[in-house]
Amino acid sequence: MEYRKIGLTDLQLSVVTFGAWAAGGWMWGSTDRQEAITAIRAAFNEGVSAIDTAPIYGQGESESIVGEAIRFFPRDQVQILTKYGMRWDLTKGQFAFHSQTNGGEPIDIYKYAGKESIVYECEQSLRRLKTDYIDLYQIHWPDNSTPIEESMEAVSRLIEQGKVRYAGVCNYDHSQLQEALHSLNIVSNQVPFSAVNRKIEKEIIPFCEQNQRSVLAYSPLERGLLTGKITSGYNFAAGDHRKTHRFFSDDYIQRTTIFLDTLKPLAQSKSASLSQLILRWTIDHPGITIALTGARNAQQAIQNAKAAHIYLAKEDIVFINQQLADAGL
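Heads up: these notes are all about the structure in this document.

The rules behind each value
Residues numbered from 1 in each chain as written. Predicted model: local features only at pLDDT ≥ 70, side-chain atom pairs only at ≥ 80, totals over all residues. Heavy atoms only, no water. Helix = DSSP H or I, 4+ residues; strand = E, 2+ residues; numbered from the N terminus. Buried < 20%, exposed > 50% of the residue type's maximum accessible area, 1.4 Å probe, protein only. Pairing = 2+ DSSP bridges. Axes fitted to C-alpha atoms, helices over the stretch in contact; angles between N-to-C directions. Contact = heavy atoms within 4.5 Å. Parallel < 35°, antiparallel > 145°, perpendicular 65-115°, else oblique. Nonpolar A, V, L, I, M, F, W, Y, C, P; charged D, E, K, R; others polar. Phe/Tyr/Trp six-rings, centres within 6.5 Å; stacked < 30°, edge-to-face > 60°. Lys NZ or Arg CZ within 6 Å of the ring centre and 35° of its normal. Core = buried A, V, L, I, M, F, W, Y, C linked by side-chain atoms within 4.5 Å. Polar contact = N/O pair within 3.5 Å; in protein donor to acceptor, adjacent residues only side chain to side chain. Expected span 1.5 Å × (residues − 1). Left-handed = near helix turned anticlockwise from the far one by under 90°.

Here's the deal with the environment of Trp21
Moving on, step 1. Residue placement: Trp21 occurs in the loop between β3 (16–19) and α1 (33–45).
Moving on, step 2. A relative accessible area of 18% means that Trp21 is categorised as buried.

See below:
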């Protein structure tokens, strides 16, 4: 496994980081708790030291699963990344969307990052994670109802108290990140990035590179689209958010399939799966520090971890980029 420093800190994360959204089941058509725990432990055994989760993932379920999975790990050998600012149990802040719990109960999701809410959320996360500190604490989404300065000052107090080591943000544009940096040493921005979703190349990556902040890429396999296992007419489980997502329309799936088919000989030459090839391409992409990818079972977790061992020459990367362009992706 390869490890990279986050920003100008001593925090090092595995280049393949375990993303625990799907492990919580929420918006993924439920979860198998024991399988998720086994997947996290299998990933750790392959060198995946970092795990990214959030309270909203399963309304506490994902954090609880992570806490159980790492219970016997040496705490200084695992890095816990979690978030704040998405409340399902409080009608305050900026309304985000209607949703359902894993059990089908309707809930309303609010973006709220007020000072007292952050303090409360941190305590709840520490309890579920069975730890006394969080390595990287990130605002989940921008909250337009709360001044950025207020949110950052609350996290600063948590750092002073030793409950948080470093502060990050998620889904911030470059201007929001710049504003946050006036109040706190933000070390990273976690944003969506994949071979078919490269919007951050225009502003966010250049800003982070210039300011020596890390980019944590989530959904590098575009929610499974880039694994090669999603075909036209795919039957998504009830509650799976991908069913209505634009990347999973038949037209987009067909174009992606054409692109992935052109990569099969290269993947075979590397003794790699398509998903491993795409993960390695993501890790090697200029400006990307780490890639977060989920797994529902141990087999998937191990396969993701082994992507770090693949070597892509410069001409391999040029070839992949050309196939993307040819496919109109």
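Here the narrative resumes, following the displayed structure.
Examining the sheet that holds strand β5 (residues 79–84)
Moving on, step 1. On the basis of which strands lie adjacent, the closed barrel formed by eight strands has the order β3-β4-β5-β9-β10-β11-β12-β13 and parallel pairing. Each neighbouring strand pair of the sheet contributes to a mean axis angle of 30°, computed without reference to strand direction.
Moving on, step 2. Of the strands in this sheet, β3, β12 (214–218) and β13 (290–293) are in contact with helix α8 (residues 274–284), which crosses β13 at around 145°.

Structural notes on the packing of α8 against helix α10 (residues 314–326)
Moving on, step 1. Running from N to C, α8 and α10 cross one another at 105°; their axes reach a closest spacing of 11 Å. Relative to α10, the element α8 lies roughly perpendicular. Residues Leu277, Trp281 and Asp284 of α8 form the contact with α10, whose participating residues are Ile317, Ile320, Asn321 and Leu324.
Moving on, step 2. The class makeup of the residues in the contact of α8 with α10 is five nonpolar, one polar and one charged.

Regarding the packing of aromatic side chains
For any pair of aromatic rings, the description consists of the separation of the ring centres together with the inter-plane angle of the planes.
Moving on, step 1. With the rule as written, the count across this model stands at five aromatic pairs.
Moving on, step 2. Centre to centre, the rings of Phe95 and Tyr110 are 5.5 Å apart; their planes meet at 75°, and the pair counts as edge-to-face. Of this pair, Phe95 sits in strand β7 (residues 94–100) while Tyr110 sits in strand β8 (residues 106–111), and the two are 15 residues apart along the sequence.
Moving on, step 3. Taking the relative accessible area as the measure of exposure, Tyr110 reaches 15% and is therefore buried.
Moving on, step 4. The aromatic ring of Tyr133 is capped on one face by Arg75, whose charged end is 3.9 Å from the ring centroid.

Side note on the nonpolar core
It is characteristic of soluble globular proteins that their nonpolar side chains tend to be buried jointly.
Moving on, step 1. The biggest cluster of nonpolar side chains holds 86 residues, and the ones touching the most others in it are Phe18, Met152 and Phe259.
Moving on, step 2. A total of seven residues in this core trace back to one element, the largest contributor, which is helix α7 (residues 250–269).
Moving on, step 3. Not counting chain neighbours up to four residues away, the residues in contact with Phe18 comprise Ala39, Ile40, Ala43, Val48, Ala50, Ile51, Asp52, Thr293, Ala295 and Ala301.
Moving on, step 4. Membership of the second largest hydrophobic core comes to 12 residues, among which are Leu13, Leu136, Tyr166 and Ile290.

Points about the side chain of Thr131
Moving on, step 1. When you line up the elements, Thr131 lands in the loop between α3 (115–129) and β9 (134–139).
Moving on, step 2. Within the local environment of Thr131, its side chain forms a polar contact with the backbone oxygen of Tyr133, the two atoms lying 3.3 Å apart.
Moving on, step 3. Here Thr131 is in contact with Arg75, Ile80 and Leu126, once residues within four sequence places are set aside.

Thoughts on the side chain of Gln176
Moving on, step 1. You can see Gln176 is positioned in helix α5 (residues 174–181).
Moving on, step 2. Overall, Gln176 belongs to the buried group, its relative accessible area being 17%.
Moving on, step 3. In contact with Gln176, other than residues within four places in its own chain, are Pro142, Ile148 and Asn171.

Comments concerning α1
Moving on, step 1. The terminal C-alpha atoms of α1 lie 19 Å apart, and with 13 residues this matches the ideal 18 Å at 1.5 Å per residue to within 8%.
Moving on, step 2. Every buried residue of α1 is accounted for by Ala36, Ile37, Ala39, Ile40, Ala42, Ala43 and Phe44.
Moving on, step 3. Buried residues along α1 sit in contact with β3, β4 (50–52), α2 (61–69) and α9 (298–306).
Moving on, step 4. Looking at where α1 begins, the residue whose side-chain oxygen comes 3.2 Å from the main-chain nitrogen of Gln34 is Asp32.
Moving on, step 5. Gly47 lies just past α1 and shows a positive phi near 100°.

A word on the packing of α1 against α2
Moving on, step 1. Contact pair α1 / α2: the axes reach a minimum separation of 9 Å and the direction vectors enclose 55°. For the element pair α1 / α2, the angle class is oblique. Seen along the crossing, α1 lies across α2 with a hand that is right-handed. Packed against α1, whose contacting residues are Arg33, Ala36, Ile37, Ile40 and Arg41, the element α2 presents Glu61, Ser64, Ile65, Val66, Glu68 and Ala69 at the interface.
Moving on, step 2. Looking at the contact of α1 with α2 residue by residue, the class counts come to six nonpolar, one polar and four charged.

Some points on α8
Moving on, step 1. Among the 11 residues in α8, 10 count as buried, and that is most of the element.
Moving on, step 2. Along α8, the residues that are buried comprise Leu274, Ser275, Gln276, Leu277, Ile278, Leu279, Arg280, Trp281, Thr282 and Ile283.

Considerations on unusual backbone geometry
Moving on, step 1. Notably, Gln212 is not glycine yet its phi reads approximately 55°, a positive angle.
Moving on, step 2. Mapped onto the secondary structure, Gln212 falls in the loop between α6 (204–210) and β12.
Moving on, step 3. Of note in this structure, Ser219 is not a glycine but carries a positive phi near 60°.
Moving on, step 4. Relative to the elements of secondary structure, Ser219 occurs in the loop between β12 and α7.

A word on the sheet that holds strand β6 (residues 86–87)
Moving on, step 1. The strand order β6-β8-β7 describes an open sheet built from three strands, whose pairing is antiparallel. Strand pairing shows two members of the sheet lacking a second neighbour, β6 and β7, which therefore form its edges.
Moving on, step 2. As paired strands, β7 and β8 are joined by six bridges and run antiparallel to one another. Counterpart to Ser99 in the pairing with β8 is Ile107.

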